[in-house]
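So the chains spell out like this:
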Amino acid sequence: MAAGEPQAKKLKLEQKQLSENVLFGMGNPLLDICAVVDKDFLDKYGLKPNDQILAEEKHKELFEELVKKFKVEYHAGGSTQNSVKVAQWMIQSPYKAATFFGCIGKDKFGEILKKKAEEAHVDAHYYEQSEEPTGTCAACITSDNSFQLLCREKKCGRQKLVNRSLVANLAAANCYKKEKHLDLEKNWKLVEKAKVYYIAEAATFAREQGFETEDIKEIARKTQALPKVNTKRQRIVVFTQGKDDTVMATENEVTTFPVLVSDQSEIVDTNGAGDAFVGGFLSQLVYDRPVTECIRAGHYAASVIIKRSGCTFPEKPDFH
C-alpha cells in the first residue's frame, strides 16, 4: 500500500456525496406554535406548567387564541418530522436529502407547515385533505419568576427559568390514506429512492411483545433476537434513556454508551432530545458509517437541542 493511501481513503469517505431523498421518514406532522403566555391563559384552558397532554374539546379554541393574543413562533414538528429535520441539518448538503410523508389539512396552518419544512430543507410531501385541520402542538411558555445565576468564562448573567405546557391536537395527522398518497407512482418513486427509512415506534413496544421485563438491556437483547424476514443483515437495536447511557444490542453483545455531559445551567428544554438523537443517528447512517459513529452523532445533536427552546438548532452543526 502506497504511503498516504489510508489518508486518501479517509478523505474520500468524508467527501462522499449523498443523493436527494436518501433518507425517508413517515409520521404525524404537527405545526409547533410556541408563545410566552400568562397564568390566566393556562388557567382558562386547565393547563399545568411542564406538562404534556392531548387536546380535548375544551382546548378547541386554544390554538387560534394563542395566535391572536400572543407573539408566536412556528416550527415544523411531530416526532418523526423533528428527526428528519435534525438529520437534514446535520447532513447540510444536499438539500432535500431527507424526505417526509404525512397528512395535513388544507388550511392556513398547513400552508405555514409546508413553508417551515421547506425552510428546514426537508423534502416534505404531505397528503392534504379537508376533513380535519392540520395537526398542531401549542407550546405555552411561562416563567416561574425565579432566576438562576449563571457564571460562564468568569462572566455572570441571570437567566429566567421557564416552564413549557404542551398541548397536541393530532387532527389531520391521524387521517393519512396510504392508497391516496403512498401508493401514487410519483410518491412511491421517492420511497424506492431512499436507502434509510425511519418510522417512530410506540413506547409500549416491550409490553406489547410480552417481554415481562423493565430492564432496558434485556429489552434490547430480546428485541434484537425477534424474528427477521431479511436474514442477510442482522438487526441492531438502539435505545436512548434520556441522561442515562444509550444501549445498543447486536447479535453478539449489548453495549452502553454514555451521553455527552451538559452543564445543568445550559439546559433549556429537553423535550426534543430523543427526536434529535434519532436525527443525528440517521445523518451518519445514510453514509454507511459505523453504528458507534451514528450514536456519537446522535448524542451530539441531542446535546445541541437541549440548550435551545423547542427542537431548533443553529445554522450549521459543529460535529467532526
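Residues numbered from 1 in each chain as written. Predicted model: local features only at pLDDT ≥ 70, side-chain atom pairs only at ≥ 80, totals over all residues. Heavy atoms only, no water.

Let us look at helix 9 (residues 273–285). Counted at 1.5 Å a residue, the expected span for helix 9 with its 13 residues is 18 Å, and the 18 Å between its end C-alpha atoms agrees. Across the 13 residues that make up helix 9, a large majority, 11, are buried. (Helix = DSSP H or I, 4+ residues; strand = E, 2+ residues; numbered from the N terminus. Expected span 1.5 Å × (residues − 1). Buried < 20%, exposed > 50% of the residue type's maximum accessible area, 1.4 Å probe, protein only.)

A word on the confidence of the model for the protein. Looking at the protein, pLDDT values average 86 and 87% of them are 70 or higher. When mean pLDDT is taken per element in the protein, strand 6 (residues 123–129) scores highest with 98 and helix 1 (residues 5–14) scores lowest with 48. pLDDT under 50 marks residues 8–13. Its contacts with residues more than four places away, or in other chains, come to one contact. Across residues 145–160 the pLDDT falls below 50, and counting only partners more than four positions away or on other chains, this stretch makes 24 contacts in the model. (pLDDT = per-residue confidence, 0-100. Contact = heavy atoms within 4.5 Å.)

Next up on the list: the pairing of strand 11 (residues 244–249). Examined bridge by bridge, strand 10 (residues 237–241) and strand 11 share four bridges and lie antiparallel to one another. Paired with V237 across the strands is A249, a residue of strand 11. The hairpin formed by strand 10 and strand 11 contains two residues between the paired strands, and G242 there has a positive phi angle of roughly 65°. Looking at chain direction, strand 11 and strand 12 (residues 254–257) are connected through four bridges and run antiparallel. Bridge pairing in strand 12 links T246 to F257. Hairpin connection between strand 11 and strand 12: a loop of four residues separates the two successive antiparallel strands. (Pairing = 2+ DSSP bridges.)

Looking now at the packing of aromatic side chains. Following the criterion strictly, the structure yields 11 aromatic pairs and no others. Ring geometry for F41 versus F70: centroids 5.3 Å apart, planes at 85°, classification edge-to-face. Of this pair, F41 sits in helix 2 (residues 39–44) while F70 sits in the loop between helix 3 (62–69) and strand 4 (72–77), and the two are 29 residues apart along the sequence. On the basis of an interplanar angle of 10° and a centroid distance of 6.3 Å, the ring pair of W89 and Y300 is categorised as stacked. Note that W89 is positioned in helix 4 (residues 79–91) and Y300 in helix 10 (residues 291–305), a separation of 211 residues in sequence. (Phe/Tyr/Trp six-rings, centres within 6.5 Å; stacked < 30°, edge-to-face > 60°.)

Attention now goes to the sheet that holds strand 9 (residues 196–198). Strand pairing in a sheet takes place through backbone hydrogen bonds and is either antiparallel or parallel in direction. Read across the sheet, four strands follow the order 6-5-1-9 without closing on themselves; strand pairing throughout is parallel. Looking at strand neighbours, the two that pair on one side only are strand 6 and strand 9, the edges of this open sheet. Averaged over all neighbouring strand pairs, the angle between strand axes comes to 20°, with direction disregarded. The pairing of strand 1 (residues 23–26) with strand 5 (residues 98–105) spans four bridges and is parallel. What sits directly across from F24, in strand 5, is T99. (Axes fitted to C-alpha atoms, helices over the stretch in contact; angles between N-to-C directions.)

What follows covers the sheet that holds strand 10. Across the sheet, three strands lie side by side as 10-11-12; this open sheet has antiparallel pairing. On the outer flanks of this sheet lie strand 10 and strand 12, each paired with one strand and no other. Sheet twist, expressed as the mean angle between neighbouring strand axes with direction ignored, is 20°.

A few words on the environment of Q81. By the element assignment, Q81 lies in helix 4. The class of Q81 is buried, set by a relative accessible area of 2%. As for Q81 and G25, which are separated by 56 residues in sequence, their C-alpha atoms are 7.1 Å apart. Excluding anything up to four places from it in sequence, Q81 contacts P29, L30, A76, F100, L113, A117 and Y126.

Here we take up the nonpolar core. L23 and L66 are the most contacted members of the largest nonpolar core, which has 40 residues in total. If we skip the residues at most four places from it in the chain, L23 touches V84, A87, A97, A98, T99, A194, V196, L282 and V286. Among the nonpolar cores identified, the runner-up in size contains 12 residues, and C103, A172, Y176 and A194 belong to it. (Core = buried A, V, L, I, M, F, W, Y, C linked by side-chain atoms within 4.5 Å.)

Once that is clear, we can look at helix 6 (residues 185–193). For helix 6, the complete set of buried residues consists of N187, L190 and V191. End-on view of helix 6: buried residues confined to an arc of 100°, all on one side of the axis. Exposed residues on helix 6 whose side chains face more than 90 degrees from its buried face are E185, K186 and E192. Here the buried face of helix 6 lies against strand 1, strand 5, strand 6 and strand 9. (Arc of directions from axis to C-beta.)

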